[in-house]
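# Report on the structure
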Amino acid sequence: MLLNRTRTLGAAVALVGGVALLSGCAQGATNAPAPEQGTNSATAEQATGETNAKTEAKTEQASDETSSEAACSAGNFKVELNVQPDRPGILLLAATNNSKETCTVNGYPTLVGTDMSGADIDVQAKQVDVPGAPTSFEVAPGQTAFAGVKIETGDKGDSDVKVATGFKVGLPGSPGAVDAEVVTDPSAGGYPEYPIKSIEVGSLQPAAQGVTVF
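Below you will find a few notes about this structure. (Residues numbered from 1 in each chain as written. Predicted model: local features only at pLDDT ≥ 70, side-chain atom pairs only at ≥ 80, totals over all residues. Heavy atoms only, no water.)

## A short note on the state of the cysteines
Two cysteines, two sulfur atoms, one covalent bond between them: this is a disulfide. Summed over the entire model, instances satisfying the criterion amount to one disulfide. Here Cys-72 is linked by a disulfide to Cys-103, with a sulfur-sulfur distance of 1.9 Å. Measuring handedness by torsion sign, the sulfur bridge of Cys-72 and Cys-103 sits at about -90° and is left-handed. Here the residue Cys-72 occupies a position in the loop between helix H2 (38-69) and strand S1 (77-83), and Cys-103 occupies one in strand S3 (residues 103-105), the gap between them amounting to 31 residues. According to the relative accessible area criterion, Cys-72 is buried, its value standing at 5%. Cys-103 sits in the buried class, given a relative accessible area of 0%. (Disulfide = S-S within 2.5 Å. Helix = DSSP H or I, 4+ residues; strand = E, 2+ residues; numbered from the N terminus. Buried < 20%, exposed > 50% of the residue type's maximum accessible area, 1.4 Å probe, protein only.)

## Things to note about the environment of Asp-185
Take Asp-185: it is sitting in the loop between strand S10 (174-183) and strand S11 (194-201). By relative accessible area, which is 47% here, Asp-185 ends up partly exposed. Sequence separation of Asp-185 and Asn-82 is 103 residues, and the distance between their C-alpha atoms is 9.4 Å.

## Notes on the pairing of strand S2 (residues 90-97)
Here S2 lies mainly inside the structure; seven of its eight residues are buried. As paired strands, S1 and S2 are joined by seven bridges and run antiparallel to one another. What sits directly across from Leu-81, in S2, is Leu-93. Hairpin connection of S1 to S2: six residues between the antiparallel strands, including Asp-86 at a positive phi of 60°. (Pairing = 2+ DSSP bridges.)

## Here's the deal with the pairing of strand S7 (residues 144-153)
Here S2 runs beside S7; their pairing, made up of seven bridges, is antiparallel. Of the residues in S7, the one forming a bridge with Thr-96 is Thr-144.

## A closer look at the nonpolar core
The tendency in soluble globular proteins is for nonpolar side chains to be buried as a group. By size, the foremost hydrophobic cluster in this structure holds 31 residues, and its most contacted members are Val-79, Leu-81, Leu-93, Leu-111, Val-149, Phe-167 and Ile-196. Discounting chain neighbours no more than four positions away, the residues touching Leu-93 are Val-79, Glu-80, Leu-81, Pro-109, Ala-145, Phe-146, Ala-147, Val-149 and Val-169. (Core = buried A, V, L, I, M, F, W, Y, C linked by side-chain atoms within 4.5 Å. Contact = heavy atoms within 4.5 Å.)

## Some details on the side chain of Gln-205
Mapping Gln-205 onto the fold places it in the segment after S11. When near neighbours in sequence (up to four residues on either side) are disregarded, Gln-205 contacts Pro-131, Gly-132, Ala-133, Pro-134, Thr-135, Phe-137, Ala-145, Phe-146 and Val-211.

Everything listed here is a matter of coordinates, which is why it stays silent on function.
In structure tokens form, the structure reads like this:
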């Protein structure tokens, strides 16, 4: 009888010990240090910050470039078409920078005739290398760029001839167009009227010399 009680007590002690051991293991597993998240979070935040910084830098650069390119427009210039004495159909185009910005031009002006209502007329226009091929140059405030214009006139009764009483001029690198003032001999009286068959426009140059030699 005593032997059986001893065996029962021993079994109970062993069972309690096993439970305690299992409980300790479970507690140890619960108390194990969690993986560090701070490093991963910091790396992700750093990468995001670098990406945002690069995006902002590109946006600012594009904005600066756009502002630089759009600094000048045709409205920055006063354009005159000077009639050349004893040379019918030949005009000296003079575009003076009236703004506070330095504008860069490189190419040919565009010239569109308008009728008395201000509507554009449709005539053939050609760009020619007179006095030579265009070159890039700056037009500072108060300075003038020059180009020659040759107008082939015709009979008003010709269906290919359109009558212009004014002109609109555009300049390369400067968006838009501006109404040009036709400068004639004041003693001529009346208003300029051109029955136009075709137009040739020379390249823009920093000096007037040679630009009307067609």
